[in-house]
Amino acid sequence: MTKTANNRTADHAIDPLFLERWSPRAFTNEIITEDGLKALFEAARWAPSSYNSQPWRFVYARRGTDHWPALLGLLNEFNQSWAKNAAALVFIVSKETMAVPGKTEEVPSYSHSFDAGAAWANLALQAVRLGWQAHGMVGFDHARAPEVLRLPAGYRVEAAVAIGKPGDKAQLPEALQARETPSQRNPISTTAFEGVFAG
């Protein structure tokens, strides 16, 4: 059994890093440097992917920079209400095709979203290691995002991420303050099945 200071527990012993990661909405006003943000992208860079195709891409803006209003404006009204205090916003994008080794013509990548998710997990865990938290969300304008981010054809916007140092939950609306706590997880018995699906 593994337990952390925020009262999250694991059924089996794991690195506490996994239990320290959560998705706060209250952030301090601390800024993140360009180098600090790139340390998160460096961790994401080492994620596994099909044929090492590395389909993930990141479009980002730090709070207070020229690109911040456009990226913040893609979020829905609810997410804007708290993400406006984040240090950075990152949109995770995946490339839908890949070049298989030994071939020059690109083919559809079955796992592009899955692989981008692996990169996101690396990013989120590295954020914790460096004293930040990363809150992923899909509450954004899916139709406008490709245009605003200037994506070429063949790329999919997977999620948006707000990155910041956890702050005082009192800054949130009252309805959100009660939710500003790390979530627990379902037991492994409900998600892992030997031999055949049983969920």
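Below you will find a few notes about this structure. Nothing here was measured: the structure is a model prediction, and the numbers come from that model.

**With respect to the overall build of the protein chain**
The helix and strand inventory of the protein chain stands at 7 helices and 8 strands. Since a compact globule built from 199 residues should have a radius of gyration of about 16 Å, the 18 Å found for the protein chain is in line with a globular shape. Here the protein chain holds 199 residues, and 39% of them are scored as buried. Contacts spanning at least 24 positions in sequence make up 69% of the contacts within the protein chain whose residues lie at least 6 apart. Carbon and sulfur atoms form 53% of the exposed surface of the protein chain, whose accessible area is close to 11,600 Å².

**Details of the pattern of salt bridges**
All told, the structure shown has 7 salt bridges when counted by the stated rule. The residue K38 makes a salt bridge to E34 at a minimum N-O spacing of 3.7 Å. Placement of both K38 and E34 in helix α2 (residues 34–45) is noted, with a separation of 4 residues, approximately one turn of the helix. We note a salt bridge from R144 to D141, for which the minimum N-O separation is 3.2 Å. A residue is classified by how much of its surface remains accessible, and D141, at 29% relative accessible area, is partly exposed.

**Brief notes about the environment of G154**
With respect to the element layout, G154 can be found in the loop between α6 (145–148) and β8 (155–164). Taking relative accessible area as the criterion, G154 reaches 30% and is therefore assigned partly exposed. It is 5.4 Å that separates the C-alpha atoms of G154 and E96, two residues lying 58 residues apart in sequence. Sequence-distant contacts of G154, that is, excluding residues within four places in its chain, are made with S94, K95 and E96.

**Here's the deal with helix α5 (residues 112–129)**
Between its terminal C-alpha atoms α5 stretches 26 Å, which fits the 26 Å expected from 18 residues at 1.5 Å a residue. Inspection of α5 places H112, D115, A116, A119, L123, A124, L125, A127 and V128 among the buried residues, and these make up the whole buried set. Its buried side turned inward, α5 meets α1 (17–20), α2, β3 (56–62), β4 (88–95), β7 (133–137) and β8. Phi turns positive, to about 90°, at G131, one or two residues after α5.

**A few points about the side chain of K95**
Considering the arrangement of structural elements, one finds K95 in strand β4. Assessed through its relative accessible area of 15%, K95 is described here as buried. There is a polar contact of 3.3 Å between the side chain of K95 and the side chain of T97. A polar atom in the side chain of K95 sits 2.4 Å from the side chain of E106. Excluding residues that lie within four positions of it along the chain, K95 makes contacts with P55, R57, E106, S109, H112, G154 and Y155.

**Details of the packing of α2 against α5**
For the pair α2 and α5, the least separation of the axes is 7 Å and the interaxial angle reads 135°. By the criterion of interaxial angle, the relationship of α2 to α5 is oblique. With respect to the hand of their crossing, α2 and α5 are arranged in right-handed fashion. Contacts between α2 and α5 involve A39, L40, F41, A43 and A44 from the former and A119, N122, L123, Q126 and A127 from the latter.

**A few points about the nonpolar core**
Generally speaking, nonpolar side chains in soluble globular proteins are found buried as a group. Core analysis: the largest hydrophobic core is formed by 24 residues, its most contacted members being L75, L89 and F91. Setting aside residues up to four positions removed in sequence, L75 forms contacts with Q80, A83, L89, F91, M137, G139, F140 and A160. Grouped together as the second largest cluster of nonpolar side chains are 21 residues, L37, A47, A88 and A127 included.

Reading the values: the criteria
- Residues numbered from 1 in each chain as written.
- Predicted model: local features only at pLDDT ≥ 70, side-chain atom pairs only at ≥ 80, totals over all residues.
- Heavy atoms only, no water.
- Helix = DSSP H or I, 4+ residues; strand = E, 2+ residues; numbered from the N terminus.
- Rg over C-alpha atoms; globule rule 2.2 N^0.38 Å.
- Buried < 20%, exposed > 50% of the residue type's maximum accessible area, 1.4 Å probe, protein only.
- Contact = heavy atoms within 4.5 Å.
- Areas by Shrake-Rupley, 256 points an atom, 1.4 Å probe, with all protein chains shown as cover.
- Salt bridge = Lys/Arg side-chain N within 4 Å of Asp/Glu carboxyl O.
- Expected span 1.5 Å × (residues − 1).
- Polar contact = N/O pair within 3.5 Å; in protein donor to acceptor, adjacent residues only side chain to side chain.
- Axes fitted to C-alpha atoms, helices over the stretch in contact; angles between N-to-C directions.
- Parallel < 35°, antiparallel > 145°, perpendicular 65-115°, else oblique.
- Left-handed = near helix turned anticlockwise from the far one by under 90°.
- Core = buried A, V, L, I, M, F, W, Y, C linked by side-chain atoms within 4.5 Å.

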